[in-house]
Amino acid sequence: MTRKQFILLGLALCAPSIGHAQAPARGPQAWGKVPSIIVLSQGSDPRVQLVRDAVANWNRIFSEIGTSFRLGLVTQAIGAVPASELGAMSATLLSRSGPPSLSEDVRQWPGDLIVVLSDGMFVSFAARWPDSEKAVVAIRSAQGPPLSLPNVARNVIAHELGHAIGLGHNGDPTMLMCGRPAACRPDAFASQDQRYFPLSGDEKARILVLYPAGWKSR
Ligand SMILES: [Zn+2]
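Not measured: the values here are computed from a predicted model.

Attention now moves to the sheet that holds strand S1 (residues 37-41). Spatial strand order, S2-S1-S3-S5-S4: five strands in an open sheet with mixed pairing. Two strands close off the open sheet at either side, each with one partner strand: strand S2 (74-78) and strand S4 (125-129). Within this sheet the neighbouring strands show an average axis-to-axis angle of 20 degrees, counted without direction. Strands in contact with helix H4 (residues 152-165) are strand S3 (113-117), S4 and strand S5 (134-139); relative to S5, the strand with the most contacts, it is inclined by about 160 degrees.

Shown next, in the form of C-alpha cells:
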C-alpha cells in the first residue's frame, strides 16, 4: 500500500503521554456509498448500544443539515482484531511514520466500516483505506478511565465516527471534534448528563462539501 492510497482521518483525543499532531487528510475524504457498519465485540458490551446511538445521532445531523448521505445498517458480530495489532496501528498513526497496513484481521470482516470494541489500552483511532472501501474505528478498553467516566465513551465513539466520515480536529474543548494538536482529551467529555458534544458550523459546512444535498450512493 502506498501512502497515496491511504487517508488518515485523525486520531482520537489521544493519551496525554503520547505526542500527536493530526496528519493532513490525503486524497478523497468522502464515502461514495452508504457504508455498512459491523460492530465487533467479545461478548455483551454496553458500547454496542453506544455505537448504534452514535450512528443514529450522525444520521440525525445529516438530515438536519440537508445532506442525503447516511451511515448504513449496523450489524453486530462476536469477534475481535488483536489488541496488539490495534495498538501497533495506533502507534503508527501517532508517530506519523506512515500509514498502517490494512491487515487480514480487519479485511476479513464484511462491513465497510468495522468498529472494534477492544479491551486493549491503545489510543482510540479511525483509519480508512478508500481503495479497498474499508475503514476501521478502534475503541480502547472502557474498563478504566477515561472511557469509564460518564458520557465519555459515548462521545469518543461519536468522535471517531466523525473521522470515519471525513472530519478532522478542531481546537474547541466544548466541541465533539476537538483533538490534537489542541489540548483536549477524552475526559473533557465527562458529564453527568448523557449528551453529545456538538459540531461547529464549519464542520457542518464541511460535511455539506463532502456530501452535498444531492449526494447519491453509487
Ligand atoms: Zn480525533
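The next thing to look at is the pairing of S1. Within S1, five of the five residues are buried, leaving the element largely enclosed by the surrounding structure. Here S1 shows a buried face lined by Ile 37, Val 39 and Ser 41 and a second buried face lined by Ile 38 and Leu 40. As defined by bridge partners, S1 adjoins S2 across five bridges and the pair is classed as parallel. Paired with Ile 38 across the two strands is Thr 75, which belongs to S2. Handedness of the crossover is the feature at issue here: the chain leaves S1, passes through helix H1 (residues 47-65), returns alongside S2, and the resulting connection is right-handed.

Attention now moves to the side chain of Glu 160. One can find Glu 160 in helix H4. The side chain of Glu 160 is buried and forms no salt bridge, while Arg 180, the nearest opposite charge, is found at 10 Å. At a separation of 3.2 Å, a polar atom in the side chain of Glu 160 contacts the main-chain amide nitrogen of Ala 126.

This structure, assessed with the given rule, holds seven aromatic pairs. Among the aromatic side chains, those forming a connected cluster through ring pairs are Trp 58, Phe 62, Phe 69, Tyr 211 and Trp 215. The ring of Trp 31 is capped by Arg 128, whose NZ or CZ atom sits 4.5 Å from the centre of that ring. Lying across the ring of Tyr 196, Arg 154 places its NZ or CZ 5.4 Å from the centre.

Here we come to the pattern of salt bridges. Counted by the stated rule, this structure contains six salt bridges. Here Glu 64 makes a salt bridge to Arg 60, at a shortest N to O gap of 2.8 Å. Note that Glu 64 and Arg 60 are positioned in helix H1 at a spacing of four residues, about one turn of the helix. A salt bridge links Glu 104 to Arg 107, with the nearest nitrogen and oxygen atoms 3.8 Å apart. Here the residue Glu 104 and the residue Arg 107 both occupy positions in helix H3 (residues 104-107), the gap between them amounting to three residues, near one helical turn. A relative accessible area of 38% places Arg 107 in the partly exposed class. Counted as one network, the salt bridges with shared partners bring together Lys 33, Asp 112, Glu 133 and Arg 218.

Conventions and cut-offs
- Residues numbered from 1 in each chain as written.
- Predicted model: local features only at pLDDT ≥ 70, side-chain atom pairs only at ≥ 80, totals over all residues.
- Heavy atoms only, no water.
- Pairing = 2+ DSSP bridges.
- Helix = DSSP H or I, 4+ residues; strand = E, 2+ residues; numbered from the N terminus.
- Axes fitted to C-alpha atoms, helices over the stretch in contact; angles between N-to-C directions.
- Contact = heavy atoms within 4.5 Å.
- Buried < 20%, exposed > 50% of the residue type's maximum accessible area, 1.4 Å probe, protein only.
- Right-handed = clockwise from strand over helix to strand, strands pointing away.
- Lys, Arg positive; Asp, Glu negative; His and termini not counted.
- Salt bridge = Lys/Arg side-chain N within 4 Å of Asp/Glu carboxyl O.
- Polar contact = N/O pair within 3.5 Å; in protein donor to acceptor, adjacent residues only side chain to side chain.
- Phe/Tyr/Trp six-rings, centres within 6.5 Å; stacked < 30°, edge-to-face > 60°.
- Lys NZ or Arg CZ within 6 Å of the ring centre and 35° of its normal.

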